Amino acid sequence: MSVCPESGAAEPVGYITRVQSFSACHRLHSLHLSDEENRRVYGKCNNPNGHGHNYKVEVTVRGKIDRLTGMVMNLTDLKRCIEDVIMTPLDHKNLDQDVPYFSRVVSTTENVAVYIWTHMVTVLPPDLLHEIRIHETDKNIVVYRGE
Ligand SMILES: Nc1nc2c(c(=O)[nH]1)N=C([C@H](O)[C@H](O)COP(=O)(O)OP(=O)(O)OP(=O)(O)O)CN2
Ligand SMILES: [Zn+2]
């Protein structure tokens, strides 16, 4: 908990998370590797037919809990940001073909997390975004904190 330098009042810091699922297909294939290297590195995920995931994304923001509103930020506003940054561009899309960012960047879940972070910081208030956590499958989870 931090203290307001003017009033001396406690300013607790909170973390709030909204979860959003989206469905998309992709193929792991790097432009920087030969076809043979791509097959070796990515295995079945390099299959030209591609494959799909039901991704689950957790978007966490961190900030002071406003004394007047009792909120770090309004979750309804966070929901709108998620709609614009995740659902509109990514849901029911072929990541590699429909999202220009992934025409040259391999669509690993790490890079999907970087994509979401990079766009989310442009629509959120400054310094609020804390973490993007993506469940690619029940077993595979990626975390990105803008580092
Ligand atoms: N570092 C990364 N490694 C892999 C990624 C990734 O994004 N980052 N992605 C894949 C594939 O896209 C693939 O979809 C993984 O699926 P799969 O191996 O089928 O998933 P599970 O491990 O959960 O499945 P089980 O077979 O049930 O264990 C691969 N690597
Ligand atoms: Zn995959």
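The text that follows walks through the structure, step by step, so that each part is easy to find. Because the structure is a prediction, the values reported are computed rather than measured.

So, how was this worked out
Residues numbered from 1 in each chain as written. Chains lettered and ligands numbered in written order. Predicted model: local features only at pLDDT ≥ 70, side-chain atom pairs only at ≥ 80, totals over all residues. Helix = DSSP H or I, 4+ residues; strand = E, 2+ residues; numbered from the N terminus. Rg over C-alpha atoms; globule rule 2.2 N^0.38 Å. Buried ≥ 20, exposed ≤ 12 C-beta atoms within 10 Å, placed from the backbone. Contact = placed C-beta atoms within 7 Å. Expected span 1.5 Å × (residues − 1). Arc of directions from axis to C-beta. Core = buried A, V, L, I, M, F, W, Y, C linked by C-beta atoms within 7 Å. Pairing = 2+ DSSP bridges. Axes fitted to C-alpha atoms, helices over the stretch in contact; angles between N-to-C directions. Bend = angle between axes of the 7 residues up to and from the residue.

### Examining the overall build of the protein
- Check the secondary structure of the protein and you find four helices and seven strands.
- The linear arrangement of helices and strands in the protein, starting from the amino end, is β-β-β-α-β-α-β-α-α-β-β.
- The C-alpha radius of gyration of the protein comes to 18 Å, more than 25% above the 15 Å expected for a compact globule of 147 residues.
- The principal-axis extents of the C-alpha atoms in the protein amount to approximately 65 × 25 × 25 Å.
- A total of 147 residues make up the protein; the buried ones form 18% of that total.
- Pairs at least 24 residues apart make up 64% of the contacts formed inside the protein by residues separated by at least 6 positions.

### Overview of helix H4 (residues 109-123)
- A rise of 1.5 Å per residue sets the reference length of H4, with its 15 residues, at 21 Å; its end C-alpha atoms lie 21 Å apart and thus fit the reference within 8%.
- What H4 keeps buried is the set Thr-109, Val-112, Ala-113, Tyr-115, Ile-116 and Met-120. The arc that holds every buried residue of H4, seen down its axis, measures 160°, which confines them to one face.
- Along its buried surface, H4 packs onto strand E4 (51-64), helix H2 (75-90), strand E6 (129-135) and strand E7 (141-144).

### What about the nonpolar core?
- With 22 residues, the main nonpolar core has Val-57 and Ile-116 as its most contacted residues.
- Only E4, H2, H4 and E6 provide two or more residues apiece to this core.

### Considering the sheet that holds E7
- If you walk across this open sheet you meet the five strands as E5-E3-E4-E6-E7, and the pairing is mixed. Looking at strand neighbours, the two that pair on one side only are strand E5 (93-94) and E7, the edges of this open sheet.
- Relative to E6, E4 runs antiparallel, the two being bridged by six bridges. By the bridge assignment for E6, Lys-56 is matched with His-135.
- Helix-sheet contacts for H2 involve strand E3 (13-26), E4 and E5, and the interaxial angle to E3 is about 20°.
- Along the sheet, H4 makes contact with E4, E6 and E7, crossing E6 at roughly 145°.

### Looking at the environment of Thr-108
- Position of Thr-108 relative to the elements: it lies in the loop between helix H3 (95-98) and H4.
- Judged by C-beta crowding, with 17 C-beta atoms within 10 Å, Thr-108 ranks as partly exposed.

### Structural notes on H2
- Relative to the 22 Å expected for 16 residues at 1.5 Å per residue, H2 spans 21 Å between its end C-alpha atoms, a close match to the ideal helical length.
- Taking the largest bend as the criterion, H2 deviates by roughly 40°, centred on Glu-83.
- Where H2 is concerned, the buried positions are Leu-78, Cys-81, Ile-82, Val-85, Ile-86 and Leu-90.
- In this structure, the buried side of H2 is in contact with E3, E4, E5, H3 and H4.
- Once H2 finishes, His-92 follows within two positions and takes phi at roughly 55°, a positive value.

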